[in-house]
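Observations on the three-dimensional arrangement
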Amino acid sequence: MPTKARKQPLYDQLVDVLRDKIQNELKPGDLLPSERELTERYGLSRTTVRLALRELENLGLVVRRHGKGTFVASAETQATNLSQTYSFTEQMRELGRVPTTDILEFGRIEADKYLASHMGLRIGDPAFVLRRLRSADGVPMMLERTYLPVRRFLSLTRDQLEGVSLYDVMEGAFHERIRLAEEEFSASIARPEEARILGVKEGSPALDLVRTTTNDDGEVVEFTLSVARADQFRYKVSHWRG
């Protein structure tokens, strides 16, 4: 380990060493040494190595894949173009990753003032609530809470949503043509429950996303509030000059 930064915590020194290697010696997709190898090479504890790898992950420099190891991240292949796609499933497949979805909650609620104002409903109107954990290559990526107007999807069941894109169900089973999906995002931090489900430390960088989707008639057919791991998402927008 370098001696120039003795006042730094050991894991912070390891972060600097590995960051230098990532930026100057390795290329996107390269596999980093295992925790055990790093422990032996630098004479550090396993806990210190794990803290360093977690910090590199939070910085977006590496991607940790369960059962496979830690890989150098690629800013290009992991960037999501907001101007071209709005489906998590489509996004991940385009990036060459395997998307999975776990349904954590499905039920009905009555729209409160907040939901009514964002979905064009009356207070008390029924809405489906769908809470899902979105993952890629087994890594938790995003926690979503989606609201759908019951009047547009009267016969919707949980089984219909298992293993299928929500938009495929909307368009295939209910003939709702998606015309526009507007998404806003802002910097945030992972709150306790979100951090637990996403597998990150409480207070880790996160992105809060709000998506409103309308059909051909201009009616809101989806309103989604999401929290995404900032270390796993890089967003870009392409601006075309007319």
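Right, let's walk through the structure included here. (Residues numbered from 1 in each chain as written. Predicted model: local features only at pLDDT ≥ 70, side-chain atom pairs only at ≥ 80, totals over all residues. Heavy atoms only, no water.)

**Focus on helix H7 (residues 166-173)**
Selection rule: Partly exposed describes any residue whose relative accessible area lies between the buried limit of under 20% and the exposed limit of over 50%, with all areas from a 1.4 Å probe on protein chains only and scaled to the type maximum. Helix and strand assignments come from DSSP, with helices taken as H or I runs of at least 4 residues and strands as E runs of at least 2, each series counted from the N terminus. As used here, the arc belongs to the directions running from the helix axis to the C-beta atoms. Any two residues whose heavy atoms approach within 4.5 Å are treated as being in contact. Polar contacts here mean pairs of N or O atoms no more than 3.5 Å apart (in protein, one a potential hydrogen donor and the other a potential acceptor; neighbouring residues in sequence count only if both atoms are side-chain atoms).
Leu-166, Tyr-167, Val-169 and Met-170 are the residues of H7 that are buried. All buried residues of H7 fall inside an arc of 160° around its axis, so they share one side. Of the surrounding elements, those touching the buried residues of H7 are strand S5 (126-136), strand S6 (139-149), helix H6 (158-161), strand S7 (178-189), strand S8 (205-215) and strand S9 (220-229). N-capping of H7 is provided by Ser-165, with a side-chain oxygen placed 3.3 Å from the backbone N of Tyr-167. Note on H7: the residue one or two positions beyond its end, His-175, has a positive phi of about 55°.

**Some details on the nonpolar core**
Rule in force here: Buried residues of nine kinds, namely Ala, Val, Leu, Ile, Met, Phe, Trp, Tyr and Cys, make up a nonpolar core once their side-chain atoms join them within 4.5 Å.
Grouped together as the largest cluster of nonpolar side chains are 16 residues, with contacts concentrated most on Leu-14, Ile-22, Leu-53 and Leu-56. Ranked by residues supplied to this core, first place goes to helix H1 (residues 10-24) with five residues. Here Leu-56 is in contact with Val-15, Leu-18, Arg-19, Ile-22, Leu-61 and Val-62, once residues within four sequence places are set aside. Among the nonpolar cores identified, the runner-up in size contains 15 residues, and Leu-148, Leu-161, Leu-166 and Tyr-167 belong to it.

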